[in-house]
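# Breakdown of the fold
Chain by chain, the residues run as shown.
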Amino acid sequence: MTTPIPPHLFAPPLAAMAGLQFRLAELADFRPLHETCYADKRAPWFWDHFEQMMVWQGNGRACWLLIEHNGRLVGSGELIIYPHGAELANLFVVPPYRRRGIGTALIIVLSRIARHWQLTDLEIGVENQNERALSLYRRLGFTDDREIRLPGGGTAVVLHKTL
Ligand SMILES: CC(C)(COP(=O)(O)OP(=O)(O)OC[C@H]1O[C@@H](n2cnc3c(N)ncnc32)[C@H](O)[C@@H]1OP(=O)(O)O)[C@@H](O)C(=O)NCCC(=O)NCCS
């Protein structure tokens, strides 16, 4: 069980584009979140994951952050605490908003929350061929830790950062 997140931790980093806002996801966000960010995931699977995450968010072992630009949903990402460590997951920025620093801002805000929860280590997994995400994480101080095989074939790199 972690402590509540104080509102100032949701403030966008100073360098972020104007009009960005970060907030926690709520149950009512399910449909727009699925349609806007995760339409490639089957709705029943996504609902199970979302519902689980809302329970964990209520228990303080996870947070699901939404990014809005002038009130419009433009991205999202998760911080999940497991018994063996903590992970950033499902980072997503809608295509027209990419390469404008929003992914960077998302990782900065999620990392702030992780520090507030006194987590000392963060991991993030990314498929080997996702060069854009890989270079972003490395630029933000994550280093390659290990390679894992994915259930559907292919491999992913797990990167690690000490906070
Ligand atoms: C990965 C992802 C979240 C990154 O989001 P993003 O908003 O594009 O991230 P940023 O803009 O902060 O950084 C991306 C690149 O744009 C560059 N950039 C940032 N602001 C910029 C600007 N104003 N002008 C030009 N380039 C800029 C960054 O330097 C960075 O370059 P790098 O890849 O060489 O480090 C996004 O590409 C995405 O949603 N991809 C699909 C889903 C996905 O793959 N998720 C990751 C799963 S692990």
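Rules behind the numbers
Residues numbered from 1 in each chain as written. Predicted model: local features only at pLDDT ≥ 70, side-chain atom pairs only at ≥ 80, totals over all residues. Heavy atoms only, no water. Near = heavy atom within 4 Å. Polar contact = N/O pair within 3.5 Å; in protein donor to acceptor, adjacent residues only side chain to side chain. Areas by Shrake-Rupley, 256 points an atom, 1.4 Å probe, with all protein chains shown as cover. Helix = DSSP H or I, 4+ residues; strand = E, 2+ residues; numbered from the N terminus. Buried < 20%, exposed > 50% of the residue type's maximum accessible area, 1.4 Å probe, protein only. Arc of directions from axis to C-beta. Contact = heavy atoms within 4.5 Å. Pairing = 2+ DSSP bridges. Axes fitted to C-alpha atoms, helices over the stretch in contact; angles between N-to-C directions. Core = buried A, V, L, I, M, F, W, Y, C linked by side-chain atoms within 4.5 Å. Domains from an automatic or database assignment. Buried area = accessible area lost by both parts, 1.4 Å probe. Salt bridge = Lys/Arg side-chain N within 4 Å of Asp/Glu carboxyl O. Nonpolar A, V, L, I, M, F, W, Y, C, P; charged D, E, K, R; others polar.

### Examining the site of the ligand
What surrounds the ligand is a group of 19 residues, the closest being Gly 101, Gly 103, Thr 104, Asn 130 and Ser 135. The backbone of Gly 101 places a nitrogen or oxygen atom 2.7 Å from an oxygen atom of the ligand. Here an oxygen atom of the ligand sits 2.7 Å away from a polar atom, N or O, in the side chain of Asn 130. Here the ligand loses 71% of its free accessible area of 940 Å² to cover by the protein chains. Mapped onto the shell around the ligand, the elements with two or more residues apiece are strand S4 (85–93), helix H3 (102–116), strand S5 (121–127) and helix H4 (131–139).

### Quick notes on H4
Turning to H4, its buried residues are Ala 133, Leu 134, Leu 136 and Tyr 137. Viewed along the axis of H4, the buried residues span an arc of 165°, placing them on a single side of the element. In this structure, H4 carries Glu 131 and Arg 139 as exposed residues pointing more than 90 degrees from its buried face. Buried residues in H4 make contact with S4, H3, S5 and strand S7 (155–162). Count one or two residues on from H4 and you reach Gly 141, which has phi positive near 100°.

### Side note on the sheet that holds S5
In spatial order, the strands read S1-S2-S3-S4-S5-S7-S6; together these seven strands make up an open sheet with mixed pairing. The two strands at the open ends of the sheet, each matched to only one other strand, are strand S1 (20–24) and strand S6 (143–149). Strand-to-strand, the axes of this sheet are offset by a mean angle of 25°, without reference to chain direction.

### Quick word on the nonpolar core
Side chains of a nonpolar character, in soluble globular proteins, are inclined to be buried together. Phe 22, Leu 33, Trp 64, Leu 79, Ile 113, Tyr 137 and Phe 142 are the most contacted members of the largest nonpolar core, which totals 56 residues. Each of two domains, domain 1 (1–119) and domain 2 (120–163), supplies a minimum of three residues to this core. Contacts of Ile 113, omitting those with residues within four sequence positions, involve Ile 5, Leu 9, Phe 10, Cys 63, Leu 65 and Leu 79.

### Quick notes on the domain arrangement of the protein
Looking at the protein, the domain boundaries give domain 1 (1–119) and domain 2 (120–163). Taken over C-alpha atoms, the centre of domain 1 sits 18 Å from the centre of domain 2. Between domain 1 and domain 2, the contact holds 15 residues from the first and 12 residues from the second. Among the residues domain 1 hides against domain 2, the three largest losses belong to Leu 88, Ile 107 and Leu 119. Together they make up 35% of the total. Put simply, domain 1 and domain 2 have zero salt bridges between them. Seen at the junction of domain 1 and domain 2, the total is three residue pairs in polar contact (both at pLDDT 80 or more). Among the elements of the structure, S4 and H3 are those that each provide at least two residues to the side of domain 1 that touches domain 2. The greatest single-element share of the side of domain 1 that touches domain 2, amounting to six residues, is contributed by H3. When grouped by side-chain class, the residues that make up the side of domain 1 that touches domain 2 number seven nonpolar, four polar and four charged.

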